[in-house]
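Residue-level structure breakdown
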Amino acid sequence: MIKEITAKYEAEQIEQKVTQFWDETDAYRRTRERRKTGKKLFFVDGPPYTTGHIHLGTAWNKIIKDSILRYYSMHNRNIMERPGWDMHGLPIEVKVEGVLGFKSKKDIESFGVGNFISKCKEFALGQQQAMTEQFERLGVWLQWEAPYMTLKDEYIEAAWWTLKQAEKKDLLDVGKRVVNWCPRCETAIADSEVEYADRTDPSIYVKFKVKGEENTFIVIWTTTPWTIPSNIAVAVHPSFEYAKFRAVRQDGKEEVLIAATTLIENVLRKGRYTDYEILETLLGEDLAGLEYESPLADLVPLQAEFRHNVYEAEYVTAENTGCVHIAPGHGMDDFAVGVKNKLPIFCPVGPSGAYTEEAGKYAGMNIREANAVVIEDLLERDRLLTEESITHRYGHCWRCKTPIIYLATEQWFLKITELKEKMLAEIEAVDWYPDWAGSARFRTWVEGARDWCISRQRYWGIPIPVWKCRKCGKMEVIGTKQELVEKSNASAEIELHRPYVDEVIIPCECGGDMKRVEDVFDVWFDSAVASWATLKFPQHEEDFNEWWPADFITEGHDQTRGWFYSQLGASMVGFGRAPYKSVLMHGFTLDGTGKKMSKSLGNVITPQDVIDKFGADTLRAYVLSASAPWEDLKFNWEEVATVHRSINILWNVFRFPLPYMALDKFDPMKVSLDSVRDALREEDRWILSRAQSMIKAVDEAMSGYLLHKAVREILEFTLEDLSRWYIQLIRPRTWTEAEDPDKLAAYSVLYEVYVTLTRLLAPFMPYLAEEMYQNLVRNVDPKAPESIHMCDWPEVNEAYLDPELEAAMTTARSIVEAASNARQKVGRKLRWPVARIVVSPETGAAAVAVKRLSSVLKDQTNSKAIVLTGVGESWDELGLEVIPDPGKLGPVFKRDAGKVSAALKEVDGAVLKKAFAEAGEFELTLADGSSVTITPEMANFAETLPEGVASAGSSAGLVYVDANLTPELEGEGYSREVIRRLQDMRKELDLIVDENIKAEVRIEDERVMGLVEPLKGLIAEEVRAASFELSSAAEVSGALVKAWDVEGIAMKMGISKA
RNA sequence: GGGCCCGUAGCUUAGCCUGGUGGAGCGCACGGCUGAUAACCGUGAGGUCCUGCGUUCGAAUCGCAGCGGGCCCA
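Here is a short report on the structure shown in this document. All residue numbers refer to position in the chain's written sequence, counted from 1. Here chains are named by letter from A upward and ligands by number from 1 upward, in the order in which they appear as written. Local features in this predicted model are restricted to residues of pLDDT 70 or higher, and side-chain atom pairs are both shown and tallied only at a pLDDT of 80 or more, whereas totals for entire chains, interfaces and linings draw on every residue. Hydrogens and water molecules were not included; the side-chain quantities draw on all heavy atoms of the structure.

Quick word on the environment of valine 174
Going by this rule: Numbered from the N terminus, helices here are DSSP runs of H or I no shorter than four residues, and strands are runs of E no shorter than two. Per-residue accessibility, obtained with a 1.4 Å probe over protein chains only, is compared with the maximum for each type, and a residue is labelled buried under 20%, exposed over 50%, and partly exposed between these values. In this analysis, two residues are considered to be in contact whenever any of their non-hydrogen atoms come within 4.5 Å of each other.
Among the structural elements, valine 174 can be located in strand β5 (residues 172-182). Residue valine 174 is classed as partly exposed on the basis of its relative accessible area, which comes to 30%. As a C-alpha pair, valine 174 and tryptophan 412 span 238 residues in sequence and 4.4 Å in three-dimensional space. For valine 174, the residues in contact, after removing those within four places along its chain, are Glu410, Gln411, Trp412 and Met475.

Here we look at the side chain of histidine 237
Checked against the element boundaries, histidine 237 lands in the loop between β9 (233-236) and β10 (241-248). Residue classification places histidine 237 among the buried residues on the basis of a relative accessible area of 9%. If we skip the residues at most four places from it in the chain, histidine 237 touches Tyr242, Gly284, Glu285, Ala313, Glu314 and Val316.

Quick notes on the sheet that holds strand β6 (residues 187-189)
Operational definition: For two strands to pair, DSSP has to find at least two bridges joining them. Between N-to-C directions, angles span 0 to 180 degrees; the directions come from axes that are lines fitted to C-alpha atoms, helices contributing only their stretch in contact.
Strand order in this open sheet of 4 strands is β6-β5-β17-β19, and the pairing throughout is antiparallel. Each end of this open sheet is capped by a strand with a single partner; those strands are β6 and β19 (452-453). Sheet contacts for helix α11 (residues 332-340): β5 and β17 (405-414); angle to β5, the most-contacted strand, approximately 140 degrees.

Quick notes on the sheet that holds strand β23 (residues 506-507)
Read across the sheet, 4 strands follow the order β22-β21-β24-β23 without closing on themselves; strand pairing throughout is antiparallel. Since the sheet does not close on itself, it has two edges, and those belong to β22 (475-477) and β23, each with one partner. Of the strand pairs in this sheet, strand β21 (residues 466-469) and strand β24 (residues 513-516) are connected by 3 bridges, and their pairing is antiparallel. When the sheet's bridge partners are listed, tryptophan 467 is paired in β24 with arginine 516.

Examining the protein's contact with RNA strand B
Note the following rule: Note on terminology: near, applied to a residue and a molecule or strand, indicates that one of the residue's heavy atoms is within 4 Å of it. The definition of a polar contact used here is a pair of N or O atoms within 3.5 Å, where within protein one atom must be able to donate a hydrogen and the other to accept one, and adjacent residues in sequence count solely through side-chain atom pairs. Classification convention: Asp, Glu, Lys, Arg as charged; Ala, Val, Leu, Ile, Met, Phe, Trp, Tyr, Cys, Pro as nonpolar; all other residues, Gly among them, as polar.
For RNA strand B, the set of nearby residues contains 52 residues, the closest of which are Arg441, Arg561, Arg724, Arg731 and Val993. What you see for RNA strand B is that sugar and phosphate hold 75% of its atoms within 4 Å of the protein. Aspartate 632 has a polar side-chain atom sitting 2.4 Å from a sugar or linking oxygen of RNA strand B. In the model, a sugar or linking oxygen of RNA strand B is placed 3.0 Å from a nitrogen or oxygen of the asparagine 636 side chain. Among the elements of the structure, α14 (435-447), α22 (637-655), α25 (707-735), α28 (803-826) and α34 (967-988) are those that each provide at least two residues to the surface near RNA strand B. Here the surface near RNA strand B is built from residues that sort into 15 nonpolar, 13 polar and 24 charged.

Structural notes on the packing of helix α21 (residues 616-626) against helix α27 (residues 766-778)
Just so we agree on the cut-off: For classification, angles of less than 35 degrees are called roughly parallel, those exceeding 145 degrees roughly antiparallel, those between 65 and 115 degrees roughly perpendicular, and all remaining angles oblique.
The N-to-C vectors of α21 and α27 enclose an angle of 125 degrees; their axes lie 7 Å apart at closest approach. As far as their axial angle goes, α27 and α21 are oblique. Of the residues in α27, those touching α21 at Ala616, Asp617 and Arg620 are Pro766, Tyr767 and Leu768. Looking at side-chain class alone, the contact of α21 with α27 contains 4 nonpolar, no polar and 2 charged residues.

This is the structure we're talking about:
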């Protein structure tokens, strides 16, 4: 049986109870099990990094995933999903280093790599546990007991296998390249790991002396003085115009400078030159080849040996001097120029950012400290044109925030540039939500992509499976653990992490020993292989063949350069196609002012904060409905509270009929919608139709992953259609006591609608939906699926759809609102009935709607009659007021105009209008008996309302409320006042709904007493008074006695239990 | 500096694709209801639709430029 619920909406309690229910019934696993024969759906969870706690953004991410998967599951999709954990890499190393108080790699080496690795592992596993609990609390159903974890052997093998494919397809490259380098972490980092932030650096202009020309200098600009000792060349744009000009210094000396013509002024200003004269202009391409001397040749011995020349480069921009300092060992573009022109890749800087022996004077010095020294040295040699500082965006290591440097080092690369065209074609084949996420944003990113540096000089990561012979240099890529064991001395139980794999020796054909190269993979490569690693490929090919590629993934827009990209890259290498078929890109959670949430700003709100206050369903409904998925979400507590209030109303809507249903032992298994068909009212058919329309709207929204529209639709239906309207309409029906078909029809309809609503709620507010379902369905039908999440999504029942009725009801609601508005104007409360409501319909449809729903209208407006005028006609009881136009009367009647105007006002508007229409004029008799002729332009008309009538506009047309009282109406009004107060007193005594009372009422006013007397029986019935005494004089007694002032009439009432 | 997205009432937003007098919720003020009741409902005030220019008979909507915010990149 359906149970009455007394509690108000207590999310905490409900969610706890439901969680326990899910646990006890193994609901998650059995729900998945139930769909095993359905159409397959492969979802890949973007693995959160196992550091710290989940934040609002991660919560939103998982909530989106969960809602969509629950929705699909209810559509009988057989879903493969494993949550993922990203557990390797620098972030964890940095955390662990912090815990252990380490400052550099040396500390790690002396602690022991094996010890360090186990600390990292321990840390990652601990975080995973904590985060899993937090995700589960959100109501997220994923395979928590069997997640994919990047630190597992099966996962590592997926990465190894992929690298082996790269080698086979000649997409793997090793060599010296300039990479982003973190001098603290002493490792290369990927482009995607570089974080840009403002930083102040020196900004210097340096003069390079032209060889063989006296007192002549090329002027270059740089923000990295420390790279001057590594300068090898100068680049100019081939088609820019450059000038040789004589410049006069402040000290009166002159020198000849070379810079882009358009930038001469800039150079002169920077160098505080007082005068200049252009000697010669020439194009960049003509400048190429010019030889110059290193300004620090005396300090860096190798610099004296290098030749320094000017080269052409298209990327040079017309800024600063137009001549660009080239250090091929310290810049991406510089490196390219170096390779193109076969220049030495001179890189006298070591991993920690200290100069090597090659740097001569600077050897051992840290490059940041060297800046000042270099500047000093340049100044001493008179090669410094100016020195300033500049604040610019500069790359930092994303984890330790150290400014990065560029170093030419030996690294491993995936040749993404060779795959680019195919990747762009694959992007087209993927469905992107929204469309521009793929067609614009991701496309742009891939178009600019460079080869992917996948090697890191670190410890905690997937070891790069390349073994290199120490004798002959031969290299071999290992694809699986088994292959490694077969080819080497390794035992079958070998741990695939460092330092253990480092000890494995593979005998080389040449007789030498092959040792592993020491690098580990970029962590982005870990998650890149997730779509097949999660299927345990390559160990198990079966699942892979059945499920891959992913049907759907969804992540935040920061993952454009991250996981969307890394997955695509790795999959192109492994399989030559995209690993996903559709992608939903979602936004970021920001604080209330639109700023990023960050610890340093102190504006972080955690999911737990929200859950503690309002529960998980509210959090879910809020993040899902607040904005479109792809838009950023400005977190706003007030809005969360508003959503919570909506859910509370939903709860009250759900709760409302339960006591009556329970009392009447209503059994939906016996009373079907079919069986009450004949008793259905228009409003019943209306809400059934609305429910179908809602299913349609939600389905349509979900087909484009417009989760916000779906949730808003459901909440709007609940608030507008159910709470504010249908429930109001059926309330009197639920109070009837007999086995009334009218009541049963209302129950049955409400039940049907609630069951539908519960299913629609399930994907989005899974706890609440479950709680409702257990009471509504499971309590009456033991054969029903055990959990709401095992149910099928409701199908639209076309037979219930009635768009005309829906439109008519909208019209009716508008009329009720207008009537309420008019009542307010005329000062008549709703409790007091009115004689009639007059509607002047603007359209035939409006008239039809009024007729069809007149009982609803009578009911809701508390009126005795609904009167319709003809379509487009005004109400014939309206008066017509004459408004004389003084501007027209004045010139004609001069000094009599005032009198004429006064007399005209008194004329019956209808008479005047008729005269104008028939005769074109009107003979007006003035007070003195004389008469004048009035023509139509002299008067305007205004409709006037009859006494006691007020009007208001509605979508149907004007609505008039005739609030004139008759004794019957007044009697009913007072009676209702009495009823309302007696009910209030019942409440105060805390009586049960169906408990009988004794009531006594004294109304001293004889007139009112006379009005109320005939309705004595009605009052007694309404308040369940077994005995009811109404008098004008008798003393009032009872358990509770109160004196009331009812509209100025004194009344005294007393009640007690019968 | 570049790409993409966003900018509508005090706050959160709908409308924008497909141009035709800008809708809602919260909050505020006033009122109603009182067998959902520490709940619910109505009415009202409140808008340079970020700014400017353009296209058009007509622009929140289309185009261009700028400003502000977000993400990403250089």
